[in-house]
Amino acid sequence: MKLFLDTGDINEVRQVADWGIVDGVTTNPTLIAKSGKRFRETVLKICELLPGGDISAEVVATDYETMLKEALEIASWHEQVVIKVPLIESGVRLVKTLTDRGIRTNVTLVFTLPQAYMAAKAGATYISNFVGRVDDIGGDGMEAVVQTVEMVESYGFDSEVLVASVRHPQHVVQALNARAHVSTMPFGTMKQLFNHPLTDSGLKRFLDDWDKAGLSIFERESVS
Ligand code: G3P
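Draft legend 1. Representation of the pairing of strand β6 (residues 126–130) within the structure. Of all five residues in β6, five are buried; the element is thus mostly enclosed. Going residue by residue along β6, you find Y126, S128 and F130 tucked away on one face and I127 and N129 tucked away on the opposite face as well. Note that strand β5 (residues 105–110) and β6 share three bridges and pair parallel. Residue pairing for β6: V110 is matched across the bridge by N129. Summarising the sheet, β6 and strand β7 (residues 160–164) pair through five bridges and their orientation is parallel. Opposite F130, over in β7, you have A164 as the bridge partner.

The structure is reproduced here in C-alpha coordinates:
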(Lines give C-alpha, C1' and ligand atoms only; values in the text may rest on other atoms or scores of the structure.)
Protein backbone atom coordinates (compact mmCIF):
# COMPACT_ATOMS: atom_id res chain seq x y z
CA MET A 1 0.00 0.00 0.00
CA LYS A 2 1.34 3.42 -0.94
CA LEU A 3 1.74 5.90 1.89
CA PHE A 4 0.72 9.53 1.28
CA LEU A 5 0.88 12.50 3.65
CA ASP A 6 -2.27 14.64 3.82
CA THR A 7 -0.99 18.18 4.31
CA GLY A 8 -0.29 21.64 2.97
CA ASP A 9 2.55 22.15 5.43
CA ILE A 10 5.99 22.10 3.81
CA ASN A 11 7.77 21.45 7.12
CA GLU A 12 5.77 18.27 7.62
CA VAL A 13 6.65 17.12 4.10
CA ARG A 14 10.33 17.85 4.77
CA GLN A 15 10.27 15.65 7.90
CA VAL A 16 8.57 12.63 6.33
CA ALA A 17 10.66 12.91 3.15
CA ASP A 18 13.73 12.08 5.23
CA TRP A 19 12.26 8.66 6.09
CA GLY A 20 12.39 7.65 2.41
CA ILE A 21 9.15 5.63 2.57
CA VAL A 22 6.49 8.22 1.71
CA ASP A 23 5.10 7.96 -1.83
CA GLY A 24 3.19 11.20 -2.19
CA VAL A 25 1.24 14.09 -0.72
CA THR A 26 -2.44 14.95 -0.92
CA THR A 27 -3.53 18.55 -0.45
CA ASN A 28 -6.99 20.06 -0.46
CA PRO A 29 -8.21 23.69 -0.47
CA THR A 30 -8.64 23.68 3.32
CA LEU A 31 -5.08 22.44 3.92
CA ILE A 32 -3.60 24.93 1.44
CA ALA A 33 -5.56 27.80 3.03
CA LYS A 34 -4.34 26.68 6.47
CA SER A 35 -0.69 26.74 5.31
CA GLY A 36 -0.87 30.51 4.79
CA LYS A 37 1.28 30.16 1.64
CA ARG A 38 0.48 30.57 -2.08
CA PHE A 39 -0.90 27.46 -3.83
CA ARG A 40 1.59 27.12 -6.71
CA GLU A 41 4.59 27.87 -4.52
CA THR A 42 3.48 25.23 -1.99
CA VAL A 43 2.84 22.55 -4.60
CA LEU A 44 6.20 23.17 -6.30
CA LYS A 45 8.07 23.05 -3.00
CA ILE A 46 6.37 19.74 -2.09
CA CYS A 47 7.38 18.31 -5.50
CA GLU A 48 10.97 19.37 -4.84
CA LEU A 49 10.99 17.83 -1.35
CA LEU A 50 9.53 14.52 -2.55
CA PRO A 51 11.06 13.80 -5.98
CA GLY A 52 9.05 11.26 -7.95
CA GLY A 53 6.11 11.41 -5.52
CA ASP A 54 2.52 11.93 -6.59
CA ILE A 55 1.32 15.32 -5.39
CA SER A 56 -2.43 15.94 -5.51
CA ALA A 57 -3.62 19.51 -6.03
CA GLU A 58 -7.31 20.34 -6.25
CA VAL A 59 -9.39 22.47 -8.60
CA VAL A 60 -11.83 24.84 -6.89
CA ALA A 61 -14.38 25.71 -9.60
CA THR A 62 -17.53 23.61 -9.98
CA ASP A 63 -18.45 24.32 -13.62
CA TYR A 64 -16.76 22.16 -16.25
CA GLU A 65 -15.16 24.92 -18.36
CA THR A 66 -13.52 26.68 -15.43
CA MET A 67 -12.50 23.40 -13.83
CA LEU A 68 -10.78 22.41 -17.08
CA LYS A 69 -8.87 25.72 -17.22
CA GLU A 70 -7.79 25.30 -13.59
CA ALA A 71 -6.80 21.67 -14.14
CA LEU A 72 -4.65 22.50 -17.17
CA GLU A 73 -2.99 25.33 -15.27
CA ILE A 74 -2.18 23.13 -12.25
CA ALA A 75 -1.05 20.24 -14.48
CA SER A 76 1.43 22.60 -16.20
CA TRP A 77 3.24 23.31 -12.92
CA HIS A 78 5.02 19.98 -12.53
CA GLU A 79 4.97 16.43 -13.89
CA GLN A 80 4.43 15.01 -10.39
CA VAL A 81 1.11 16.82 -10.01
CA VAL A 82 -2.11 14.80 -9.91
CA ILE A 83 -5.29 16.83 -10.44
CA LYS A 84 -7.75 16.43 -7.60
CA VAL A 85 -11.37 16.71 -8.68
CA PRO A 86 -14.59 16.49 -6.61
CA LEU A 87 -17.08 13.74 -7.36
CA ILE A 88 -19.78 15.85 -9.00
CA GLU A 89 -21.17 15.57 -12.54
CA SER A 90 -18.86 18.22 -13.98
CA GLY A 91 -16.00 16.63 -12.06
CA VAL A 92 -16.57 13.20 -13.61
CA ARG A 93 -16.74 14.83 -17.03
CA LEU A 94 -13.47 16.63 -16.29
CA VAL A 95 -11.79 13.41 -15.17
CA LYS A 96 -12.77 11.74 -18.45
CA THR A 97 -11.31 14.67 -20.44
CA LEU A 98 -8.09 14.68 -18.42
CA THR A 99 -7.75 10.89 -18.67
CA ASP A 100 -8.10 11.12 -22.46
CA ARG A 101 -5.31 13.72 -22.46
CA GLY A 102 -3.04 11.56 -20.30
CA ILE A 103 -3.35 13.77 -17.21
CA ARG A 104 -3.61 11.89 -13.91
CA THR A 105 -6.49 12.53 -11.54
CA ASN A 106 -7.53 11.96 -7.94
CA VAL A 107 -11.31 11.97 -7.48
CA THR A 108 -12.13 13.29 -4.04
CA LEU A 109 -15.13 13.39 -1.68
CA VAL A 110 -16.12 9.82 -2.57
CA PHE A 111 -18.26 8.15 0.09
CA THR A 112 -20.16 5.34 -1.64
CA LEU A 113 -19.64 2.47 -4.08
CA PRO A 114 -21.82 4.08 -6.82
CA GLN A 115 -19.72 7.26 -6.61
CA ALA A 116 -16.52 5.22 -6.80
CA TYR A 117 -17.92 3.40 -9.84
CA MET A 118 -18.50 6.71 -11.66
CA ALA A 119 -14.93 7.78 -10.88
CA ALA A 120 -13.53 4.44 -12.10
CA LYS A 121 -15.57 4.65 -15.32
CA ALA A 122 -14.08 8.10 -15.98
CA GLY A 123 -10.58 6.66 -15.64
CA ALA A 124 -9.58 8.19 -12.30
CA THR A 125 -5.99 7.42 -11.32
CA TYR A 126 -6.97 7.54 -7.65
CA ILE A 127 -10.39 7.27 -6.01
CA SER A 128 -10.27 9.07 -2.65
CA ASN A 129 -12.67 7.31 -0.38
CA PHE A 130 -13.24 9.30 2.84
CA VAL A 131 -13.60 7.19 5.97
CA GLY A 132 -13.29 9.49 9.00
CA ARG A 133 -16.08 11.83 7.95
CA VAL A 134 -18.48 8.88 7.65
CA ASP A 135 -17.42 7.49 11.04
CA ASP A 136 -17.98 11.00 12.47
CA ILE A 137 -21.68 10.80 11.66
CA GLY A 138 -22.14 7.28 12.98
CA GLY A 139 -21.48 5.30 9.78
CA ASP A 140 -18.79 2.80 8.86
CA GLY A 141 -16.47 4.65 6.47
CA MET A 142 -14.41 1.57 5.71
CA GLU A 143 -17.38 -0.33 4.29
CA ALA A 144 -17.26 1.61 0.99
CA VAL A 145 -13.48 1.13 0.82
CA VAL A 146 -13.86 -2.65 1.02
CA GLN A 147 -16.58 -2.56 -1.66
CA THR A 148 -14.57 -0.22 -3.91
CA VAL A 149 -11.41 -2.34 -3.78
CA GLU A 150 -13.51 -5.39 -4.66
CA MET A 151 -15.19 -3.51 -7.56
CA VAL A 152 -11.94 -2.16 -8.99
CA GLU A 153 -10.16 -5.52 -8.74
CA SER A 154 -12.96 -7.73 -10.02
CA TYR A 155 -13.80 -5.51 -13.02
CA GLY A 156 -10.18 -4.70 -13.82
CA PHE A 157 -10.41 -0.91 -13.56
CA ASP A 158 -7.05 0.88 -13.57
CA SER A 159 -8.02 3.15 -10.64
CA GLU A 160 -6.29 2.82 -7.28
CA VAL A 161 -8.37 3.10 -4.12
CA LEU A 162 -6.99 5.83 -1.87
CA VAL A 163 -8.22 5.78 1.73
CA ALA A 164 -8.61 9.40 2.85
CA SER A 165 -9.94 11.18 5.91
CA VAL A 166 -7.84 8.81 7.99
CA ARG A 167 -7.88 9.75 11.66
CA HIS A 168 -5.94 7.07 13.54
CA PRO A 169 -3.71 3.99 13.07
CA GLN A 170 -6.70 1.62 13.23
CA HIS A 171 -7.92 3.15 9.97
CA VAL A 172 -4.54 2.22 8.46
CA VAL A 173 -4.90 -1.34 9.75
CA GLN A 174 -8.34 -1.54 8.15
CA ALA A 175 -7.05 -0.04 4.90
CA LEU A 176 -4.29 -2.69 4.76
CA ASN A 177 -6.77 -5.47 5.52
CA ALA A 178 -9.06 -4.16 2.77
CA ARG A 179 -6.07 -4.29 0.36
CA ALA A 180 -6.50 -0.61 -0.47
CA HIS A 181 -3.83 0.71 -2.83
CA VAL A 182 -3.05 3.94 -0.97
CA SER A 183 -3.63 5.53 2.40
CA THR A 184 -3.25 9.25 3.06
CA MET A 185 -3.12 10.65 6.55
CA PRO A 186 -2.16 13.69 8.60
CA PHE A 187 1.38 14.04 9.97
CA GLY A 188 0.29 13.18 13.54
CA THR A 189 -1.36 9.93 12.48
CA MET A 190 1.64 8.96 10.36
CA LYS A 191 3.96 9.49 13.32
CA GLN A 192 1.68 7.33 15.48
CA LEU A 193 2.31 4.38 13.14
CA PHE A 194 5.78 4.03 14.68
CA ASN A 195 4.58 3.83 18.25
CA HIS A 196 4.36 0.99 20.73
CA PRO A 197 5.16 1.26 24.48
CA LEU A 198 6.92 -2.13 24.41
CA THR A 199 9.23 -0.80 21.67
CA ASP A 200 10.16 2.14 23.90
CA SER A 201 10.67 0.09 27.07
CA GLY A 202 12.43 -2.69 25.15
CA LEU A 203 14.86 -0.27 23.54
CA LYS A 204 15.55 1.44 26.86
CA ARG A 205 16.43 -1.88 28.47
CA PHE A 206 18.72 -2.94 25.57
CA LEU A 207 20.60 0.34 25.75
CA ASP A 208 20.83 0.42 29.56
CA ASP A 209 22.27 -3.14 29.61
CA TRP A 210 24.74 -2.23 26.87
CA ASP A 211 25.91 0.90 28.72
CA LYS A 212 26.26 -0.94 32.03
CA ALA A 213 28.52 -3.51 30.34
CA GLY A 214 30.70 -0.69 28.95
CA LEU A 215 30.60 -2.11 25.41
CA SER A 216 31.28 -0.33 22.11
CA ILE A 217 30.53 -1.34 18.53
CA PHE A 218 33.84 0.17 17.46
CA GLU A 219 36.14 -1.58 19.98
CA ARG A 220 39.01 -3.51 18.30
CA GLU A 221 40.35 -5.62 21.19
CA SER A 222 40.49 -9.37 20.42
CA VAL A 223 38.48 -11.83 22.51
CA SER A 224 40.72 -14.41 24.25
O1 G3P B 1 -7.60 15.37 1.85
C2 G3P B 1 -8.81 14.73 2.02
C3 G3P B 1 -9.04 14.11 3.39
O4 G3P B 1 -8.00 13.28 3.76
C5 G3P B 1 -9.54 15.03 4.44
O6 G3P B 1 -9.56 14.48 5.73
O7 G3P B 1 -9.77 14.70 8.18
O8 G3P B 1 -10.56 16.57 6.70
O9 G3P B 1 -11.83 14.44 6.82
P10 G3P B 1 -10.48 15.09 6.92
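Draft legend 2. Region of interest: the side chain of N28. In this fold, N28 is placed in the loop between β2 (24–26) and α2 (29–35). For N28, a relative accessible area of 16% translates into the label buried. Looking at N28, its side chain comes within polar contact range of the main-chain nitrogen of T30, at 3.0 Å. In contact with N28, not counting residues within four places along its chain, are E58 and K84.

Draft legend 3. Structural detail: the pairing of strand β4 (residues 81–86). Taken across its six residues, β4 has six buried, putting it largely inside the fold. Taken together, the four bridges between strand β3 (residues 54–58) and β4 define a ladder with parallel strand orientation. Directly across from E58, in β4, lies its bridge partner K84. Handedness of the crossover is the feature at issue here: the chain leaves β3, passes through helix α4 (residues 64–75), returns alongside β4, and the resulting connection is right-handed. Across four bridges, β4 lies against β5 in parallel orientation. Its bridge partner being in β5, V85 is matched across the sheet by V107. For the segment spanning β4, helix α5 (residues 89–100) and β5, crossover handedness is right-handed.

Draft legend 4. Inspection of unusual backbone geometry at higher detail. Of note in the backbone geometry, L109 takes a positive phi value of approximately 65° without being a glycine. Tracing the backbone through its elements, the reader meets L109 in strand β5. Here R179, not a glycine, exhibits a phi torsion of approximately 60°, which is positive. Looking at the secondary structure, you find R179 in the loop between α9 (169–177) and β8 (182–185). Of the residues examined, R179 reaches a relative accessible area of 66% and is grouped as exposed.

Draft legend 5. Main features of the nonpolar core. One finds I83, L94, I127, V145 and V163 to be the most contacted residues of the largest nonpolar core, which totals 54 residues. Setting aside anything within four residues of it in sequence, one finds L94 in contact with Y64, M67, L68, A71 and V85. With seven residues, the next largest nonpolar core counts F4, Y126, F130 and L162 among its residues.

Draft legend 6. Spatial organisation of the environment of L109. The exposure class assigned to L109 is partly exposed, which follows from its relative accessible area of 33%. For the pair L109 and K84, spaced 25 residues apart in the sequence, the C-alpha separation amounts to 9.9 Å. Those residues in contact with L109, other than ones at most four positions away along the chain, are P86, L87, Q115, S128, F130 and R133.

Draft legend 7. Local environment of helix α8 (residues 141–155). If you check α8, its first and last C-alpha atoms are 22 Å apart, about what 15 residues at 1.5 Å a residue would give, namely 21 Å. Those residues of α8 that fall on the buried side of the exposure criterion are G141, M142, A144, V145, T148, V149, M151 and V152. Once α8 finishes, G156 follows within two positions and takes phi at roughly 70°, a positive value.

Draft legend 8. Structural view of the pattern of salt bridges. The final tally for this structure, using the stated rule, is eight salt bridges. The salt bridge involving K2 is made with E160; its shortest N-O contact spans 3.2 Å. Remark: E160 occurs in strand β7 and K2 occurs in strand β1 (residues 2–6); sequence separation between them is 158 residues. Among the residues examined, K2 registers a relative accessible area of 27% and is labelled partly exposed. In this structure, the salt-bridge partner of D100 is K96, at a minimum N-O distance of 2.9 Å. Placement of both D100 and K96 in helix α5 is noted, with a separation of four residues, approximately one turn of the helix. When its relative accessible area of 41% is taken as the criterion, K96 is described as partly exposed. Ionic contacts of the salt-bridge type, sharing partners, join the residues R205, D209 and K212 into one network.

Calculation notes
- Residues numbered from 1 in each chain as written.
- Predicted model: local features only at pLDDT ≥ 70, side-chain atom pairs only at ≥ 80, totals over all residues.
- Heavy atoms only, no water.
- Buried < 20%, exposed > 50% of the residue type's maximum accessible area, 1.4 Å probe, protein only.
- Helix = DSSP H or I, 4+ residues; strand = E, 2+ residues; numbered from the N terminus.
- Pairing = 2+ DSSP bridges.
- Polar contact = N/O pair within 3.5 Å; in protein donor to acceptor, adjacent residues only side chain to side chain.
- Contact = heavy atoms within 4.5 Å.
- Right-handed = clockwise from strand over helix to strand, strands pointing away.
- Core = buried A, V, L, I, M, F, W, Y, C linked by side-chain atoms within 4.5 Å.
- Expected span 1.5 Å × (residues − 1).
- Salt bridge = Lys/Arg side-chain N within 4 Å of Asp/Glu carboxyl O.

Purely geometric stuff here, so don't read any function into it on its own.
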